[in-house]
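One-letter residues, chain by chain:
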Amino acid sequence: MRVGSRIARHLLGFATGGVLVFLYFPLFLVVAYAFNENGTQAWPPAGFSLRWIEEALRNTGLQDAFLTSLGAAFGATLIAMLLGTLAGLAVGRYKFFGRETISFAVIFPIALPGVVTGMALLIAFATIDLPLGMMAIVIGHATFCIVLVYNNVLARMRRLSGSLEEASADLGADSFQTFRYVTFPAMRSAILAGALLAFALSFDEVIVTIFVAGGVKTLPIWIFHSFRLANQVALVNVVGLAAILLSLVPVYIATRLTADTGTVGRT
Amino acid sequence: MAQTDVRLEQVTKRFHDVVAVDDLTLDIERGQFFSMLGPSGCGKTTTLRMIAGFEEATSGTIYLGDADVTNRPPFKRDVNTVFQNYALFPHLDVFENVAFGLRRRKVGGPEITRQVGAMLELVELPGYQRRKPNELSGGQQQRVALARALINHPRVLLLDEPLGALDLKLRKQMQLELKRIQTEVGITFVYVTHDQEEAMTMSDNIAVMRAGKIEQLGTPEQLYERPATEFVAGFLGVSNLLTGRVVAIAAGDRATAEIELYGGRRVRGPGEGLTAGAEVKVGVRPEKLRLAAPRDEATNGAAAAGSNLIEGRVIDASYIGVSTQYVVRLNGGQDVVVYAQNLETSGVAEQHPVGQQVRLTWQPKHTFVIAAAAPRPTSQGGSDE
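Residues numbered from 1 in each chain as written. Chains lettered and ligands numbered in written order. Predicted model: local features only at pLDDT ≥ 70, side-chain atom pairs only at ≥ 80, totals over all residues. Heavy atoms only, no water.

Caption draft 1: How the structure looks around the overall build of chain A. In terms of regular secondary structure, chain A is built from 11 helices and 0 strands. Starting at the N terminus, the α and β elements of chain A follow one another as α-α-α-α-α-α-α-α-α-α-α. A compact globule built from 267 residues would reach a C-alpha radius of gyration of about 18 Å, whereas chain A, at 23 Å, exceeds it by more than 25%. Expressed along its principal axes, the backbone C-alpha trace of chain A runs to roughly 70 × 70 × 30 Å. Buried positions account for 39% of the 267 residues belonging to chain A. Contacts spanning at least 24 positions in sequence make up 72% of the contacts within chain A whose residues lie at least 6 apart. Here chain A displays about 15100 Å² of accessible surface, and carbon together with sulfur accounts for 73% of that area. (Helix = DSSP H or I, 4+ residues; strand = E, 2+ residues; numbered from the N terminus. Rg over C-alpha atoms; globule rule 2.2 N^0.38 Å. Buried < 20%, exposed > 50% of the residue type's maximum accessible area, 1.4 Å probe, protein only. Contact = heavy atoms within 4.5 Å. Areas by Shrake-Rupley, 256 points an atom, 1.4 Å probe, with all protein chains shown as cover.)

Caption draft 2: Examining the packing of helix 4 (residues 99-111) of chain A against helix 6 (residues 134-159) of chain A more closely. All names here are of chain A. Interaxial distance between helix 4 and helix 6 falls to 7 Å at its minimum, and their mutual angle equals 120°. Here helix 6 runs oblique to helix 4, going by the angle between their axes. As for the relative orientation of helix 4 and helix 6, their crossing is left-handed in sense. From helix 4, Ser103, Val106, Ile107, Pro109 and Ile110 reach across to helix 6, where they touch Thr143, Phe144, Ile146, Val147, Leu148, Tyr150 and Asn151. For the contact of helix 4 with helix 6, the per-class residue count stands at 9 nonpolar, 3 polar and no charged. (Axes fitted to C-alpha atoms, helices over the stretch in contact; angles between N-to-C directions. Parallel < 35°, antiparallel > 145°, perpendicular 65-115°, else oblique. Left-handed = near helix turned anticlockwise from the far one by under 90°. Nonpolar A, V, L, I, M, F, W, Y, C, P; charged D, E, K, R; others polar.)

Caption draft 3: The pattern of salt bridges, seen in detail. All names here are of chain B. Overall, the coordinates contain 28 salt bridges over all chains when judged by the stated rule. Measuring nitrogen to oxygen at the nearest pair gives 3.8 Å for the salt bridge that ties aspartate 22 to lysine 213. Taken together, the residues span a long stretch of sequence, with aspartate 22 in strand 2 (residues 18-29) and lysine 213 in strand 10 (residues 213-218) at a distance of 191 residues. One salt bridge connects arginine 130 with aspartate 93, and the closest N-O pair in it is separated by 2.6 Å. In this pair, arginine 130 sits in the loop between helix 3 (109-122) and helix 4 (138-150) while aspartate 93 sits in the loop between strand 6 (79-82) and helix 2 (94-104), placing the two residues 37 residues apart along the sequence. (Salt bridge = Lys/Arg side-chain N within 4 Å of Asp/Glu carboxyl O.)

Caption draft 4: The confidence of the model for chain A, seen in detail. Residues and elements named next belong to chain A. In this model, chain A carries a mean pLDDT of 86, and residues with pLDDT of at least 70 account for 95%. Across chain A, element-level confidence peaks in helix 5 (residues 114-127) with a mean pLDDT of 92 and bottoms out in helix 11 (residues 233-259) with 80. Counting interchain partners and residues more than four positions distant, the pLDDT-below-50 stretch residues 261-267 has 12 contacts. (pLDDT = per-residue confidence, 0-100.)

Caption draft 5: Representation of the side chain of B:Gln182 within the structure. Residue and element names in this part refer to chain B. Along the chain, the position of glutamine 182 falls in helix 5 (residues 168-185). A polar atom in the side chain of glutamine 182 sits 3.0 Å from the backbone oxygen of glycine 31. Beyond its immediate stretch of four places on either side in the chain, glutamine 182 contacts Gly31, Gln32, Phe33, Ile187 and Phe189. (Polar contact = N/O pair within 3.5 Å; in protein donor to acceptor, adjacent residues only side chain to side chain.)

Caption draft 6: A look at the sheet that holds strand 5 (residues 67-68) of chain B. Residue and element names in this part refer to chain B. Spatially, 4 strands are ordered 2-1-4-5 in an open sheet, and the strand pairing comes out antiparallel. With partners counted over all chains shown, the strands left at the sheet margins are strand 2 and strand 5, one partner each. Sheet analysis places strand 1 (residues 4-15) next to strand 4 (residues 59-64), joined by 5 bridges and oriented antiparallel. By the bridge assignment, leucine 8 is partnered in strand 4 with isoleucine 62. Of the strands in this sheet, strand 1, strand 2 and strand 4 touch helix 1 (residues 44-52), which is tilted by about 115° from strand 1. (Pairing = 2+ DSSP bridges.)

Caption draft 7: Focus on the environment of A:Ile53. Residue and element names in this part refer to chain A. Here isoleucine 53 is to be found in helix 2 (residues 51-58). Separated by 76 residues in sequence, isoleucine 53 and aspartate 129 have C-alpha atoms that sit 41 Å apart. Ignoring sequence-local partners within four residues, the contact set of isoleucine 53 consists of Phe35 and Val238.

Caption draft 8: Focus on the interface of chain B and chain A. Contact residues are listed per partner, giving 23 residues for chain B and 19 residues for chain A. Summed over both sides, the interface of chain B with chain A buries roughly 1900 Å², with 63% coming from carbon and sulfur. For B:Arg49, the salt bridge identified is with A:Glu166, shortest N-O distance 2.7 Å. Our enumeration of links across chain B and chain A arrives at 6 residue pairs in polar contact (both at pLDDT 80 or more). If you list the elements that add at least two residues to the side of chain B that touches chain A, you get helix 1, strand 6, helix 2 and helix 4 of chain B. When the residues that make up the side of chain B that touches chain A are grouped by side-chain class, the tally is 12 nonpolar, 7 polar and 4 charged. (Buried area = accessible area lost by both parts, 1.4 Å probe.)

Caption draft 9: Summary view of the sheet that holds strand 15 (residues 290-292) of chain B. All names here are of chain B. If you walk across this open sheet you meet the 5 strands as 15-19-16-17-18, and the pairing is antiparallel. The sheet terminates laterally at strand 15 and strand 18 (335-341), the two strands that pair on one side only. If you compare each strand with its neighbour and ignore which way they point, the axes differ by 45° on average.

Caption draft 10: The arrangement of the packing of aromatic side chains in detail. Applying the stated criterion to the full structure yields 12 aromatic pairs over all chains. Centre to centre, the rings of A:Phe179 and A:Phe184 are 6.0 Å apart; their planes meet at 40°, and the pair counts as tilted. Among the residues examined, A:Phe184 registers a relative accessible area of 32% and is labelled partly exposed. On the basis of an interplanar angle of 15° and a centroid distance of 6.1 Å, the ring pair of A:Phe199 and A:Phe203 is categorised as stacked. Here the residue A:Phe199 and the residue A:Phe203 both occupy positions in helix 8 (residues 175-203), the gap between them amounting to 4 residues, near one helical turn. The exposure class assigned to A:Phe199 is partly exposed, which follows from its relative accessible area of 21%. When the ring centre of A:Tyr181 is taken as reference, the NZ or CZ atom of B:Arg104 above it lies at 3.9 Å. (Phe/Tyr/Trp six-rings, centres within 6.5 Å; stacked < 30°, edge-to-face > 60°. Lys NZ or Arg CZ within 6 Å of the ring centre and 35° of its normal.)

Caption draft 11: Here's a closer look at the pairing of strand 17 (residues 323-330) of chain B. Residue and element names in this part refer to chain B. Strand 17 sits mainly inside the fold: 6 of its 8 residues count as buried. Inspection of the sheet shows strand 16 (residues 308-319) paired to strand 17 by 7 bridges, in the antiparallel sense. Paired with serine 318 across the two strands is glutamine 325, which belongs to strand 17. What sits between the antiparallel neighbours strand 16 and strand 17 is a turn of 3 residues, in which glycine 321 has the positive phi angle 85°. Of the pairings in the sheet, the one linking strand 17 to strand 18 comprises 7 bridges and is antiparallel in character. Bridging across to strand 18, tyrosine 326 finds its partner in valine 338. Hairpin connection, strand 17 to strand 18: the antiparallel pair is bridged by 4 residues, and glycine 333 has positive phi, about 110°.

Caption draft 12: Structural detail: a nonpolar patch on the surface. There is a patch of nonpolar side chains on the surface, built from A:Val19, A:Leu20, A:Phe22, A:Leu23, A:Tyr24 and A:Leu27 and spanning about 620 Å² of accessible area. Structurally, A:Tyr24 can be placed in helix 1 (residues 2-34). (Patch = residues over 30% accessible without salt bridge, like charges linked within 9 Å, V, L, I, M, F, W, Y side chains within 5 Å.)

This is the structure:
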C-alpha cells in the first residue's frame, strides 16, 4: 500500500510535468524567438537581442491592428456588460413567461460554431446594408461576449439571497436606491469578471472577424497574415510575447474576483 | 384602552389555489411582545411578510397605528424586520449595515456615528463598527441585524424566526436578551416562531396559528392552563386528554361541569360554555397530577375534599433528574403521563414500581375541558376572558 502509493506519486508527478511541458513548451518557444537576434524561428536562437521589439514598436501596421483590436474589444465588452447584466438580473430575479427560453437564447451563441455565426452575421449585415468594418466587428463579437457577463451575473444572483433586497426596502430604500446600494455592489465583481473574460475573448477572435471585418485588420488577423511573410515573422513572436504578458493580467484579476465566494467587492 | 400598533382586518393571502392566511383579524397593542406560533405552513411567516409589505394581501386591510398601509411598499412602512438568515449586506461593514436606514433618511454624519455607536452598545457589540459580516459569528450577526432594524425606531419590529440558526445554548441566551432589549426600547415586537418554549419565554401574548387561522390567542399562561382546542393543548407542552361526556352543569359562582369519562369515572372541571350531553375531552397537565398508592390516606382525603380521582396501573417509570416521568394505563385503557417532582430522593421511582395499581388525583380547577369532535373550533379569543 505504502510502496504502491510512492510509485503512484512518482507517476503522478511525471504525468503532471508532462502536461505542463505540453502546455507551456510552445509558449516558451514564442518567448525565446522574440529575443532571437536573426529573427528566424529556428532552434537554437542565434543570440539575444531587443532589436525586434524596437522594430515592432515602430511598425505602423502592427500598431493599427493593435488599436483596432483594442477598440473592438472595448466596444463589444461594453455592449456585453450592459446587455449581459440586464439579462442576468431579469432572469435571476424575476419569474416571467419565456424565462428559460430567453436564458437558452442568450447562452446559445457561444456554443454555435464561429463559422456559422460569421456567415449569419455577414448575411444579416448585407441584408440591412450595414457596412462591414469596425462596427460590424463590435456587433459580431458582442453576440457571444454577452454570454460571459450574463453567466457570471446570473450565478451571483442565484447565490445572493433575495432577502438582501427585501432588507434594503425594509430599511427605507426605494427600488432605485436598492439597486444602487445593494444589488449593484453585490453584482459589481461578477460583472467585472465577466467583462474581463469577454474582453479577452473578443481580443483574439478570428473566425467571426474574418467574415465581417471587410478590409479592417485586427491583431489576430494581422498575425495570421504576417506569419507567412518572411520579413515580419520576427515581429509576430514579439506580438506573441506581448499577448502572453497581457493575458496574465485579466486572468489573474478574474480569478481573484470570482474565487472570493463568501463576500463580494473585496479588492 | 391601549393604543393599537398593528391591526389586521379580515386579511386573506392566497398563493394560486393555496390559502396561506385565511380571513385573519388581529389587533396588537403598543409595546407588546407578541408571538405568532405554529407549525410550518400555518401562515405565520406570510402574515409577518404582509405586515412588512413583502407580500400583498389578497384581500383585507392592514393598519399600522391609524394608517391603512395595505397598498404601501415596504420602504414606506414604519416597520423593520429581522430576517431569519439576518440578510446583512455582505459588501458593507457593521457600521454601514446599521447606518443603512439612517442614510436613507439623510441623517447627518456625526449623528449617524453617535446613533450607530449607541445601538451597538445596546446589542453588546461595541467596537465592531469596521468588521465585515463574514467576520462575525452567527450570534453576532444576529445582533447586528437587530441593531440595523432598531436604529430606525420603527413603530413595530418584525422578527422572523431570528434564532432559528443558533445553537440551543445561544438561543436561550438570546431569548432573554431580546426580552431585555424589547423592554428597554419599548417598541412593539411581533415575533414568528415554531418553538413553543421560545414563544412562552418572551411573549406577552401569543397567537397560536394553524392552517392560516388563529387557533387561540392569549397570554402564555392562558394558553397553557386553558387551551381551547386539542391542537393548542398538544402544541404547547404535554397534555393528557381523556374522552368523556358532560352529564351535568352545576351553575354557581363559576359553572362546574360533571363529566363521565370513558370507563365510568366521574370528574369535575370548569363548565363555562358547555352543555349537558356534549362529547368532550378532559385535559390535565402531567405535573398537576398526584400519584398515590390505592390505600393512601391523603389521597382518600383529597378525593373526599373534591379532587378528581382516577385509577390505573403504572406501565413505565423513568427518572429524568428534576422529576420522574410515569406512564399510567387507566382502567378504561387510555395512557396518562404524570410528572412527579423528585423532592425527596431519587428513590421515588421505587415507590411506584411498574405494575403497581395507583390512584391519580387532581383539582377540578386544574382541569380544562375541550369540546370534542369539533373539526374547526371557533378561532378567536381565550375562552375564559
